[in-house]
Amino acid sequence: GEWRASIGHKMDMDVLKAITTREAVLEDMAVESEEASRRFFSNTRTFVVEEDVAPLLQLIDRLRLVTVQTVEAICAWRDYQEAMRRLGSGDKGDAADSTKGRWSCSVMVEGPQLWKASTEFKSEIKRFQRDSQPAKRSRELLYLGVFPTKSEAAQAYDRTIMK
């Protein structure tokens, strides 16, 4: 009853706090990346020094940590929701469980070429250089459908990949 609802609300709040924290770090990173660019372009060096990007590197470490915390909160929330669903439906987790649920299946396929490869270029003038880049191809998501079992979804995926 009531204790289940309070646990559910706490888990909802944990997920929302984790997502909000991550979004705040992303906003801080956007601001700091602009500042790092400004610091880099305001000097006459042709290379990046650590003091120009140190705050940004710290934010990247922070982002990594809050992303893990966000994923863990979402996984805990998802596990709790699944347990409540099973508890509410009287499911005991038996062999018939494999026929329950719906499995969505999609495949990422390579599309047409967007642009050709570029060669390396280095100028004698400050900051005009680029590394060689491979050709860029578009990628498209091919939706295969929703299947009643995991094995049917896997078979559809395998059939599509083998084409």
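Because the structure is a prediction, the values reported are computed rather than measured.

Caption draft 1: Representation of the overall build of the chain. Helix and strand content of the chain: 3 helices and 4 strands. When the helices and strands of the chain are read in sequence order from the N terminus, they spell out α-α-β-β-β-β-α. Taken over 163 residues, the chain has a buried fraction of 19%. Taking all contacts inside the chain whose residues are at least 6 apart in sequence as the whole, residues at least 24 apart take part in 66%. Working note: accessible area of the chain is about 12700 Å², and carbon and sulfur atoms make up 58% of it.

Caption draft 2: Fine view of a nonpolar patch on the surface. On the surface, Phe 121, Ile 125 and Phe 128 cluster together into a nonpolar patch covering about 330 Å² of accessible area. Looking at the secondary structure, you find Phe 121 in strand E2 (residues 121–122). Given the relative accessible area of 43%, Phe 121 is considered partly exposed.

Caption draft 3: Summary view of helix H3 (residues 150–162). Helix length check: H3, at 13 residues, gives a terminal C-alpha distance of 18 Å against a target of 18 Å (1.5 Å per residue), a fit within 8%. Among all positions of H3, only Ala 153, Ala 156 and Thr 160 are buried. One face of H3 carries all of its buried residues, which in axial projection span an arc of 60°. Among the exposed residues of H3, those oriented more than 90 degrees off its buried face are Lys 150, Arg 159 and Met 162.

Caption draft 4: Quick peek at the confidence of the model for the chain. Confidence along the chain averages 82 in pLDDT terms, with 87% of residues attaining 70 or more. Across the chain, helix H2 (residues 50–89) holds the top mean pLDDT of 88, while strand E3 (residues 129–130) sits lowest at 71.

Caption draft 5: Up close: the environment of Thr 46. For Thr 46, the location among the structural elements is in the loop between helix H1 (2–41) and H2. Spatially, the C-alpha atoms of Thr 46 and Ile 125 are 9.8 Å apart, while their sequence positions differ by 79 residues.

Caption draft 6: Quick peek at the nonpolar core. Val 25, Met 29, Leu 59, Leu 63 and Val 66 form the largest nonpolar core, which has 5 residues in total. Leave out the neighbours within four places in its chain, and Val 25 touches Leu 59, Arg 62, Leu 63 and Val 66.

Caption draft 7: Focus on the pattern of salt bridges. This structure, assessed with the given rule, holds 5 salt bridges. Between Asp 14 and Lys 10 there is a salt bridge, with its nearest N and O atoms 2.9 Å apart. Note that Asp 14 and Lys 10 are positioned in helix H1 at a spacing of 4 residues, about one turn of the helix. Judged by relative accessible area, which is 30%, Asp 14 ranks as partly exposed. Overall, Lys 10 belongs to the exposed group, its relative accessible area being 52%. Taking the shortest distance from any N to any O, the salt bridge between Arg 38 and Glu 35 comes out at 2.7 Å.

Caption draft 8: Representation of the side chain of Thr 149. Its place among the elements puts Thr 149 in the loop between strand E4 (136–147) and H3. Residue Thr 149 is classed as buried on the basis of its relative accessible area, which comes to 14%. A polar side-chain atom of Thr 149 sits 3.2 Å from the main-chain amide nitrogen of Glu 152.

Caption draft 9: Representation of the side chain of Ser 138 within the structure. Mapping Ser 138 onto the fold places it in strand E4. With residues up to four places along the chain from it excluded, the contact list for Ser 138 reads Val 109, Glu 110, Gly 111, Pro 112 and Leu 114.

Caption draft 10: Spatial organisation of the environment of Gly 8. With respect to the helices and strands, Gly 8 occurs in helix H1. Separated by 73 residues in sequence, Gly 8 and Gln 81 place their C-alpha atoms 8.0 Å apart.

Cut-offs used in this document
Residues numbered from 1 in each chain as written. Predicted model: local features only at pLDDT ≥ 70, side-chain atom pairs only at ≥ 80, totals over all residues. Heavy atoms only, no water. Helix = DSSP H or I, 4+ residues; strand = E, 2+ residues; numbered from the N terminus. Buried < 20%, exposed > 50% of the residue type's maximum accessible area, 1.4 Å probe, protein only. Contact = heavy atoms within 4.5 Å. Areas by Shrake-Rupley, 256 points an atom, 1.4 Å probe, with all protein chains shown as cover. Patch = residues over 30% accessible without salt bridge, like charges linked within 9 Å, V, L, I, M, F, W, Y side chains within 5 Å. Salt bridge = Lys/Arg side-chain N within 4 Å of Asp/Glu carboxyl O. Expected span 1.5 Å × (residues − 1). Arc of directions from axis to C-beta. pLDDT = per-residue confidence, 0-100. Core = buried A, V, L, I, M, F, W, Y, C linked by side-chain atoms within 4.5 Å. Polar contact = N/O pair within 3.5 Å; in protein donor to acceptor, adjacent residues only side chain to side chain.

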